[in-house]
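Spelled out from the first residue to the last, the chains are:
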Amino acid sequence: MVILMVARISPEKNHKAAILALKLLHNKYKCSVELHFLGSGNDIYVLQLKSFINYHGLSSHVRFLGFSHDVRVYYAAADLLLLTS
């Protein structure tokens with residue numbers, strides 16, 4: 001299962017909430033889920049998010065896909081869309 005979040009990578013979009021939700025799905029509900037972030041933004045914040053992801057043991061379940069002008073292929077591949085801002 002793939003959860004997709006399409007948003008600029010910046011604190012006000014609350015990517016950390018998405019990461020904590022993924023942790024809950026993995027730890028409490030034993031779901032096999034990946035979280036994909038589509039978008040670009042602040043490089044320092046991306047590094048902070050990657051550290052947060054590693055801290056929670058989720059590095060193999062989160063993907064940073066970068067920016068895309070055409071998001072249709074990502075929407076088609078996703079099982080769930082997430083908006084945390």
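Residues numbered from 1 in each chain as written. Predicted model: local features only at pLDDT ≥ 70, side-chain atom pairs only at ≥ 80, totals over all residues. Heavy atoms only, no water.

Novice: What should I look at first to understand the overall build of the protein in this one?
Specialist: In terms of helices and strands, the protein carries three helices and four strands. In sequence order, the secondary structure elements of the protein are arranged as β-α-β-α-β-α-β. For the protein, whose C-alpha radius of gyration is 12 Å, the value lies close to the compact-globule estimate of 12 Å for 85 residues. On the principal axes, the C-alpha backbone points of the protein span a range of 35 × 30 × 20 Å. Counting only carbon and sulfur atoms, one obtains 56% of the accessible surface of the protein, whose full area is about 5,300 Å². (Helix = DSSP H or I, 4+ residues; strand = E, 2+ residues; numbered from the N terminus. Rg over C-alpha atoms; globule rule 2.2 N^0.38 Å. Areas by Shrake-Rupley, 256 points an atom, 1.4 Å probe, with all protein chains shown as cover.)

Novice: Looking at this model, I keep getting lost on the sheet that holds strand S4 (residues 80-81). Mind explaining?
Specialist: Pairing in this open sheet of four strands is parallel, and the strands run S3-S2-S1-S4 from one edge to the other. Each of the sheet's edge strands pairs with one partner strand only, and the pair in question is strand S3 (62-66) and S4. Relative to strand S2 (residues 34-38), strand S1 (residues 2-6) runs parallel, the two sharing five bridges. In the strand pairing of S2, Met5 is matched with Phe37. Packed on one face of the sheet, helix H1 (residues 15-27) meets S1, S2 and S3 and runs near 165 degrees to S2. (Pairing = 2+ DSSP bridges. Contact = heavy atoms within 4.5 Å. Axes fitted to C-alpha atoms, helices over the stretch in contact; angles between N-to-C directions.)

Novice: Explain H1 to me, please; I cannot follow it from the model alone.
Specialist: In an α-helix there are 3.6 residues to a turn, and that puts residues three or four apart on one side. Given a rise of 1.5 Å per residue, 13 residues ought to cover 18 Å, and the 18 Å separating the end C-alpha atoms of H1 matches this to within 8%. Here H1 has its buried residues at His15, Ala18, Ile19, Leu22 and His26. Seen end-on, H1 carries its buried residues on one side only, within an arc spanning 100 degrees. (Expected span 1.5 Å × (residues − 1). Buried < 20%, exposed > 50% of the residue type's maximum accessible area, 1.4 Å probe, protein only. Arc of directions from axis to C-beta.)

Novice: Honestly, helix H2 (residues 43-55) in this entry has me stumped. Any pointers?
Specialist: With 13 residues, H2 extends 18 Å from end C-alpha to end C-alpha; this agrees with the ideal 18 Å at 1.5 Å per step. Looking at the packing, one finds that the buried side of H2 touches H1 and S3. For H2, the N-terminal cap is Asn42; the gap from its side-chain oxygen to the backbone nitrogen of Ile44 is 2.8 Å. Positive backbone phi, approximately 70 degrees, marks Gly57, located one or two places after H2. (Polar contact = N/O pair within 3.5 Å; in protein donor to acceptor, adjacent residues only side chain to side chain.)

Novice: Honestly, unusual backbone geometry in this entry has me stumped. Any pointers?
Specialist: Excluding glycine, residues mostly have negative phi values, and the peptide bonds linking residues are mostly trans. Even without being a glycine, Asn14 presents a positive backbone phi close to 60 degrees. On the accessibility criterion, Asn14 (33% relative accessible area) is partly exposed. For Lys30, which is not glycine, the phi dihedral falls at a positive 55 degrees. Residue placement: Lys30 occurs in the loop between H1 and S2. For Lys30, a relative accessible area of 65% translates into the label exposed.

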